[in-house]
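If you want the building blocks of each chain, they are given just below.
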Amino acid sequence: MTALIQVFIDVVGALLTFITTYLIPDEVADVTILHVAIWTPVVLGLAGMTVSFVKRMWSRR
């Protein structure tokens, strides 16, 4: 169980590193409405996925 959670955290960390390195502008002035339109559902989806993963892992105990 602990190994599964660690792998999940590693994958999410790798995705966040990729996103912050290549897909997010360095300065706030470079953010456009397109960034907001794309990243809002992505961030909400990742947060929802993480919460549902934790809830499912908690209910298995």
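For the structure, see preceding data.
Residues numbered from 1 in each chain as written. Predicted model: local features only at pLDDT ≥ 70, side-chain atom pairs only at ≥ 80, totals over all residues. Heavy atoms only, no water.

## Overview of the overall build of the protein chain
Quick note on the threshold: Each helix corresponds to a stretch of at least 4 residues labelled H or I by DSSP, and each strand to a stretch of at least 2 residues labelled E; elements are numbered beginning at the N terminus. Each radius of gyration is computed over the set of C-alpha atoms, and the globule rule expresses the reference value as 2.2 Å times the number of residues to the power 0.38. Three labels apply to residues, based on accessible area from a 1.4 Å probe with only protein chains included: buried if under 20% of the type maximum, exposed if over 50%, partly exposed otherwise in between. Only the protein chains shown count as covering a residue, and every accessible area follows the Shrake-Rupley method with a 1.4 Å probe. In this count, Lys and Arg are taken as positive residues and Asp and Glu as negative ones, while His and the chain termini are left out. Throughout, a charge is located at the NZ atom of Lys, the CZ atom of Arg, the CG atom of Asp or the CD atom of Glu.
Looking only at helices and strands, one finds two helices and zero strands in the protein chain. The C-alpha radius of gyration computed for the protein chain amounts to 15 Å, which surpasses the reference 10 Å derived for 61 residues by more than 25%, pointing to a less compact arrangement than a globule. Considering only C-alpha atoms, the protein chain reaches an extent of 45 × 20 × 10 Å along its principal axes. Considering the protein chain as a whole, with its 61 residues, one finds that 7% of them fall into the buried category. For the protein chain, the accessible area works out to roughly 5,200 Å², and carbon and sulfur atoms hold 72% of it. In the protein chain, 4 positive and 4 negative side-chain charges are present, and the distance between their average locations comes to 32 Å.

## As for the packing of aromatic side chains
Rules: Ring geometry is summarised as follows: Phe, Tyr and Trp rings, the Trp one being its six-membered ring, pair when their centres sit within 6.5 Å, and such pairs are stacked at plane angles under 30 degrees, edge-to-face over 60 and tilted between the two.
For the structure on display, the rule yields one aromatic pair. Relative to Phe53, the ring of Phe8 has its centre 4.0 Å away and its plane inclined at 20 degrees; by these criteria the two rings are stacked. On the criterion of sequence distance, the pair formed by Phe8 in helix α1 (residues 2–23) and Phe53 in helix α2 (residues 33–59) is long-range, its members being 45 residues apart. Per residue, the accessibility class of Phe8 equals that of Phe53, and both read buried.

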